[in-house]
Amino acid sequence: MPLLPGAEPFRRDGGEVGVLVCHGFTGSPQSVRPWAEYLADRGLTVALPLLPGHGTRWQDMQLTTWQDWYAEVDRELRALTERCSRVFVCGLSMGGALALRLAAKHGDAISGVAVVNPANKLHDAAAPLLPVLRHLVRTTKGVVSDIAKPGAEEVGYERVPLHAADSLRRFFGQVDSELPGVTQPLLVMTSPQDHVVPAADSERILARVSSTDVRQTLLERSYHVATLDHDAEQIFRDTFAFITRLAPEASDAADAAQEGTAARGGA
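Residues numbered from 1 in each chain as written. Predicted model: local features only at pLDDT ≥ 70, side-chain atom pairs only at ≥ 80, totals over all residues. Heavy atoms only, no water.

**Considering unusual backbone geometry**
Right, on to step 1. Of note, the phi angle at serine 93 is positive, near 60°, even though the residue is not glycine.
Right, on to step 2. Its place among the elements puts serine 93 in the loop between β4 (86–92) and α4 (94–106).
Right, on to step 3. In this structure serine 93 comes out as buried when scored by relative accessible area, which is 10%.
Right, on to step 4. Positive phi is not limited to glycine here, since asparagine 117 has a value of about 45°.
Right, on to step 5. Considering the arrangement of structural elements, one finds asparagine 117 in the loop between β5 (112–116) and α5 (130–133).
Right, on to step 6. When its relative accessible area of 2% is taken as the criterion, asparagine 117 is described as buried. (Helix = DSSP H or I, 4+ residues; strand = E, 2+ residues; numbered from the N terminus. Buried < 20%, exposed > 50% of the residue type's maximum accessible area, 1.4 Å probe, protein only.)

Encoded structure:
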């Protein structure tokens, strides 16, 4: 099945500090690619996988579950830990939940977690009925492109398959129970005006993790897909600053990458 434009996974080798970036539910790598590219341009080794069932058509997602999505990011993380001396995980929305579960499961193998509008619960009143509704109704309206910035669009599905939505509901419950196992430094970036994931999800995550090094940034000008919105550059800068504070060697990789770019430009 052909991929939607921009839905291709992204990987780039760099220095000894690696970053795994996770996209959200019904979205694709396109929604977080600028984030991944910003970090890669500064000499980090970056992996941004395409989650199973995403990036093609919603019918493909109907056949997948949260175990499939998590298994993909888990494989990518293991590959990064073999390649890099330090690894960080990042994610948007459900990608944030995936990143937090990786942190809870992999412990010291992960040096820090940075999430944007991380999802923790399905808040729709019909969510408790999904185990039954998914057998009666195939899809509901999609949730892509909640963006304040004019002209910015997210590549993803216009319909949400209810089998996958019910699996997402169960996944959130699983992650919520595992949040106390998150001990790594944590950066949470939250949009107060988010029409998909309320800020209450960030607050619950912050209240339940065991991390002692915790920072929160408010994205005042952006909606849910903040990585494509007005505050995108702030997200990128804050994430890189977070990583270099915890892994100073990342600054050396950034200097080397900039010197290489300058040398190519002068050639």
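**Focus on the nonpolar core**
Right, on to step 1. One finds Leu20, Phe25, Trp69, Val113 and Phe171 to be the most contacted residues of the largest nonpolar core, which totals 45 residues.
Right, on to step 2. If we skip the residues at most four places from it in the chain, phenylalanine 25 touches His54, Met61, Trp69, Met94, Val160, Ala164, Ala165 and Leu168.
Right, on to step 3. The next biggest cluster of nonpolar side chains, apart from the first, holds 34 residues, and it includes Val21, Val116, Ala232 and Ala247. (Core = buried A, V, L, I, M, F, W, Y, C linked by side-chain atoms within 4.5 Å. Contact = heavy atoms within 4.5 Å.)

**Quick notes on the pairing of strand β9 (residues 214–218)**
The side chains of a regular strand alternate between the sheet's two faces.
Right, on to step 1. With 5 bridges joining them, strand β8 (residues 186–190) and β9 adopt parallel strand pairing. Note on β9: the bridge partner recorded for methionine 189 is threonine 217.
Right, on to step 2. Once you follow β8 into helix α7 (residues 199–208) and on to β9, the crossover reads as right-handed. (Pairing = 2+ DSSP bridges. Right-handed = clockwise from strand over helix to strand, strands pointing away.)

**Some remarks on the side chain of threonine 227**
Right, on to step 1. Along the chain, threonine 227 turns up in the loop between β9 and α8 (232–246).
Right, on to step 2. Reaching out from threonine 227, the side chain makes a polar contact with the backbone oxygen of serine 31 at a distance of 2.6 Å.
Right, on to step 3. Look past the residues within four positions of threonine 227 in its chain and what remains in contact with it is Ser31, Val32, Trp35, Leu92, Val116, Ala232, Ile235 and Phe236. (Polar contact = N/O pair within 3.5 Å; in protein donor to acceptor, adjacent residues only side chain to side chain.)

**Section: helix α1 (residues 33–41)**
Right, on to step 1. Among the residues of α1, those classed as buried are Arg33, Trp35, Ala36, Tyr38, Leu39 and Ala40.
Right, on to step 2. Looking one or two residues past α1, glycine 43 carries a phi angle of roughly 90°, positive in sign.

**Here we look at the pairing of β5**
Right, on to step 1. Burial analysis of β5 places 5 of its 5 residues in the buried class, the great majority of the element.
Right, on to step 2. Burial along β5 is two-sided: Gly112, Ala114 and Val116 facing one way and Val113 and Val115 facing the other are all buried.
Right, on to step 3. Sheet topology places β4 next to β5; 5 bridges connect them, and they run parallel. The residue of β5 that forms the bridge with glycine 91 is valine 115.
Right, on to step 4. Following the backbone out of β4, through α4 and into the adjacent parallel β5, one traces a crossover that is right-handed.
Right, on to step 5. Judged from the 4 bridges that link them, β5 and β8 form a sheet pairing that is parallel.

**Focus on the sheet that holds β8**
Right, on to step 1. An order of β1-β3-β2-β4-β5-β8-β9 is seen for the 7 strands of this open sheet, with the pairing classed as mixed. With partners counted over all chains shown, the strands left at the sheet margins are β1 (10–12) and β9, one partner each. If you compare each strand with its neighbour and ignore which way they point, the axes differ by 15° on average. (Axes fitted to C-alpha atoms, helices over the stretch in contact; angles between N-to-C directions.)

**Let's talk about the pattern of salt bridges**
Right, on to step 1. Inspection of every chain in the model, using the stated rule, returns 17 salt bridges.
Right, on to step 2. The partner of glutamate 16 in a salt bridge is arginine 83, and the shortest N-O contact between them spans 3.7 Å. One end of the pair, glutamate 16, is in the loop between β1 and β2 (17–22); the other, arginine 83, is in helix α3 (residues 66–83), with 67 residues separating them in the sequence.
Right, on to step 3. One salt bridge in this structure joins lysine 105 and glutamate 178, with 3.7 Å as the shortest N-O distance. Of the two residues, lysine 105 is situated in helix α4 and glutamate 178 in helix α6 (residues 162–178); the sequence distance between them amounts to 73 residues.
Right, on to step 4. The exposure class of glutamate 178 is buried, given its relative accessible area of 13%.
Right, on to step 5. When salt bridges with common partners are traced through the structure, they connect Asp13, Glu16 and Arg83 into a single cluster. (Salt bridge = Lys/Arg side-chain N within 4 Å of Asp/Glu carboxyl O.)

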